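# Observations on the model geometry
Below, each chain spelled out in residue letters.
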Amino acid sequence: MGLGFLRQAKVFAAIDNAVTLPAFTRADAALFARVNDRLAMQFNVENVFDTRYYSTAHNNNNITPGAPRTLRAGVDLSY
């Protein structure tokens, strides 16, 4: 199992400091399982609590929202 947190303090959107992106905290989680010597699986959840946040900005009018809750699954087969 894995659990992680991403914390970002409030930041300015552009060099003129006119617009501020609010601070946020995002939680991520993962489960890993080795089925046998050849097969491993994993399941990841990013933004577990579906937090609404703004991750980046290119200027005061071009602000990028963070991704909503995202689920990923993976299988690793070695031979």
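Up top you'll find the structure we're talking about.
Residues numbered from 1 in each chain as written. Predicted model: local features only at pLDDT ≥ 70, side-chain atom pairs only at ≥ 80, totals over all residues. Heavy atoms only, no water.

### Focus on the sheet that holds strand β8 (residues 70-77)
Heads up, the condition is: We call two strands paired when DSSP finds no fewer than two bridges between them. Think of it this way: any DSSP run of H or I at least four residues long counts as a helix, any run of E at least two long counts as a strand, and we number them from the N terminus. Between the N-to-C directions of two axes lies an angle of 0 to 180 degrees, each axis being a line fitted to C-alpha atoms and, for a helix, fitted only over the stretch in contact.
Pairing is antiparallel across the open sheet formed by 4 strands, whose spatial order is β1-β4-β5-β8. A single partner strand is all that each edge strand has here, and the edge strands are β1 (2-8) and β8. Strand-to-strand twist across the sheet, computed as the mean angle between neighbouring axes with direction ignored, equals 15°. Bridging between strand β5 (residues 39-46) and β8 involves 8 bridges; their strand directions are antiparallel. By the bridge assignment, E46 is partnered in β8 with T70.

### A word on the environment of T25
Stated precisely, the cut-off is as follows: Residues count as neighbours in contact if any of their non-hydrogen atoms are within 4.5 Å of one another. Pairs of N or O atoms within 3.5 Å make up the polar contacts considered here, provided that, within protein, one atom can donate a hydrogen while the other can accept it, and that residues adjacent in sequence are counted only when both atoms are side-chain atoms.
Position of T25 among the secondary structure elements: in strand β4 (residues 24-34). Sequence separation between T25 and A9 is 16 residues; the distance between their C-alpha atoms is 8.7 Å. Setting aside its immediate chain neighbours within four residues, T25 contacts F5, L6, R7 and T51. In this structure the side chain of T25 is engaged in a polar contact, spanning 3.1 Å, whose partner is the side chain of R7.

### What to know about unusual backbone geometry
The criterion, for reference: The buried label goes to any residue with under 20% of its type's maximum accessible area, the exposed label to any with over 50%, and the partly exposed label to all in between, with areas taken from a 1.4 Å probe on protein chains only.
With phi around 60°, N47 is a residue other than glycine that occupies positive phi space. Mapped onto the elements, N47 comes out in the loop between β5 and β6 (54-59). What makes N47 buried here is its relative accessible area of 1%. Positive phi outside glycine occurs at D50, with the angle close to 55°. Within the secondary structure, D50 is located in the loop between β5 and β6. Taking relative accessible area as the criterion, D50 reaches 40% and is therefore assigned partly exposed.

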